[in-house]
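Topology and contacts: notes
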Amino acid sequence: MNDTICAISTALGVGAISIIRVSGEDAIRKVALLFDGKNLEEVKSHTIHYGHIVYHGEVIDEVLVSVLKAPKTYTKEDIVEINSHGGISTTKKILEILVENGIRLADRGEFTKRAFLNGRLDLTEAEAVDSLIKAHTDLERKLALTKLEGKVSKKIHHIREIIVLLLSNIEVNIDYPEYEDILEITKENLPPRLNEIKDELESLLEESKVGKIIQNGINVAIIGKPNVGKSSILNALLKENKAIVTDIAGTTRDIVEGMVELKGILLKFIDTAGIRKTDDIVEKIGVDKSFKAIDEADLIVLVLNNHEVLDDNDKELLAKIRNKTHIVFVNKNDLPKKLEIDEDVIYGNTIDIDGLDSLKDKIIKLFDLEKISNSSLEVVSSAREIGLIKEALNSICSAIKNVNSTLPIDMIAIDIKNAWDRLGEITGEAYEDELLDNLFSKFCVGK
Ligand SMILES: Nc1nc2c(ncn2[C@@H]2O[C@H](COP(=O)(O)OP(=O)(O)O)[C@@H](O)[C@H]2O)c(=O)[nH]1
Ligand SMILES: [Mg+2]
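The following paragraphs examine the structure supplied in this document. (Residues numbered from 1 in each chain as written. Chains lettered and ligands numbered in written order. Predicted model: local features only at pLDDT ≥ 70, side-chain atom pairs only at ≥ 80, totals over all residues.)

1. Brief notes about the site of ligand 1
Gly229, Lys230, Ser231, Ser232 and Asn349 are the nearest of the 21 residues found near ligand 1. It is helix H8 (residues 230-238) that provides the largest number of residues to the shell around ligand 1, a total of 3 residues. Its residues assigned to classes, the shell around ligand 1 shows 5 nonpolar, 12 polar and 4 charged. (Near = placed C-beta within 6 Å. Helix = DSSP H or I, 4+ residues; strand = E, 2+ residues; numbered from the N terminus. Nonpolar A, V, L, I, M, F, W, Y, C, P; charged D, E, K, R; others polar.)

2. Concerning the pairing of strand E4 (residues 47-55)
Pairing of strand E3 (residues 35-36) with E4 involves 2 bridges; the strand directions are antiparallel. Bridged to Asp36 within E4 is His52. Bridge count between E4 and strand E5 (residues 58-68): 9 bridges; the pairing is antiparallel. Bridge pairing links Tyr50 to Leu64 in E5. (Pairing = 2+ DSSP bridges.)

3. A word on the pairing of strand E12 (residues 326-331)
The buried count for E12 comes to 6 of 6 residues, which makes it a mostly enclosed element. The side-chain alternation of E12 yields two buried faces, one formed by His326, Val328 and Val330 and the other by Ile327, Phe329 and Asn331. Handedness of the crossover joining strand E11 (residues 299-305) and E12 through helix H10 (residues 312-321) is recorded here as right-handed. Across 3 bridges, E12 lies against strand E13 (residues 345-347) in parallel orientation. Of the residues in E13, the one forming a bridge with Phe329 is Ile346. (Buried ≥ 20, exposed ≤ 12 C-beta atoms within 10 Å, placed from the backbone. Right-handed = clockwise from strand over helix to strand, strands pointing away.)

4. Concerning the packing of helix H13 (residues 383-403) against helix H14 (residues 409-427)
Their axes nearest at 8 Å, the elements H13 and H14 cross at an angle of 170°. Here H13 lies roughly antiparallel to H14, going by the angle between them. Where H13 abuts H14, its residues Glu385, Leu388, Glu391, Ala392, Ser395, Ile396, Ser398, Ala399, Asn402 and Val403 lie against Ile412, Asp415, Ile416, Asn418, Ala419, Arg422, Leu423, Glu425 and Ile426. Of the residues assigned to the contact of H13 with H14, the class counts are 10 nonpolar, 4 polar and 5 charged. (Axes fitted to C-alpha atoms, helices over the stretch in contact; angles between N-to-C directions. Parallel < 35°, antiparallel > 145°, perpendicular 65-115°, else oblique. Contact = placed C-beta atoms within 7 Å.)

5. Observations regarding the sheet that holds E4
What the 7 strands build is an open sheet, ordered E3-E4-E5-E6-E2-E1-E7; its pairing is mixed. Bordering the open sheet on either side are E3 and strand E7 (104-105), each of which pairs with just one other strand. Direction of pairing for strand E1 (residues 5-8) relative to strand E2 (residues 17-23): antiparallel, over a ladder of 4 bridges. Across the sheet, residue Cys6 finds its bridge partner in E2, namely Val22. Relative to the sheet, helix H2 (residues 88-100) contacts E1, E2, E4, E5, strand E6 (79-85) and E7, its axis offset from that of E2 by approximately 15°.

Below you can see the structure in the form of structure tokens.
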């Protein structure tokens, strides 16, 4: 992995400037060959130079080139960044020329992968780079930045240190039983130490709920029979006409999505096809998708029509969402009331926009959004990290259970070591190539 790579680091589209990034041993030498200006091989590190990219005698673009010499660079390798004019053709042309000159196109996330492999970032911090780029909200940005600064890694290291101290104590007891001045780990004094680790891991998991919501947002499915006003509600929430609204039942056949920020948290609303029994093939696909959306949602907003009596379809849906986090919104309260319902509901309508603030307030309360937006952001948030912490916790719980069995302490230590390994995978102290491939393949090219 020490060849020289290149990629367009800015978004490809019409814009003022593009940055084409080159990293590796030959970065400076190869770009210098194409650069008409100062000799880049002789300039100081961390300097920027005006000139032209010239290829086979033809001026390709007027550019500024940054030269950044290893090791104080993003990848810890030599990096050259070409700031060209933006737009698709100039940017692509420069990239093509670099490739023709023997520089390999970078894979997704390969610059960051190199930063990780060269020890500039740990894995949690590398993941944070991707989250930072993809952040939708200011809170998400802050969460990612906190992680990038190593504050989450520090917490993981802290727990690993407690574990390693315990493990080394156990090992000393086993290997050198004659060392009497070292605390002997017994089945009596092991449980409190394991419980301490368990508590630490449990609080990481508890805190991660905040991280998960900030990073992923809340998926809200708006469901209900056809024509109750689901699409109108989505449009009113988004303040735009995103979903098609008509008085023809079955208008929304596919999922329509829209995002709204509430207390700094992203609500991802999904307007679904109205749920009813239908023979129309296309509508049926939409209905199936609605059921899937119900399964995947964090919150369900069931919409009923104030101007209609509750029918079997409504009752079926009410039963379906009973055990899920849900809100019932009775729409069309501008029309005479016909609906009788014995349930905690919000009344409103989309004609004179009534009840939507109450709906938002209810969501804030249900998910404690006020508290989340004021929480500490030094928390784990990705599914990968949370999964590994759960595995570590399981191992510690198994160790705690085994203290009461006939298993000797050195066997119990295997579980403890396992917890230590899982936590190490979070920051990338231990990893498998497959994990890296998987993780970095989700990155943008050029990062
Ligand atoms: N009177 C009244 N009509 C509404 C209200 N909300 C939606 N509608 C109308 O109900 C019909 C169905 O609305 P739509 O949003 O497409 O319902 P959906 O099938 O549940 O998505 C349309 O004619 C809307 O204009 C409301 O609050 N009051
Ligand atoms: Mg609709």
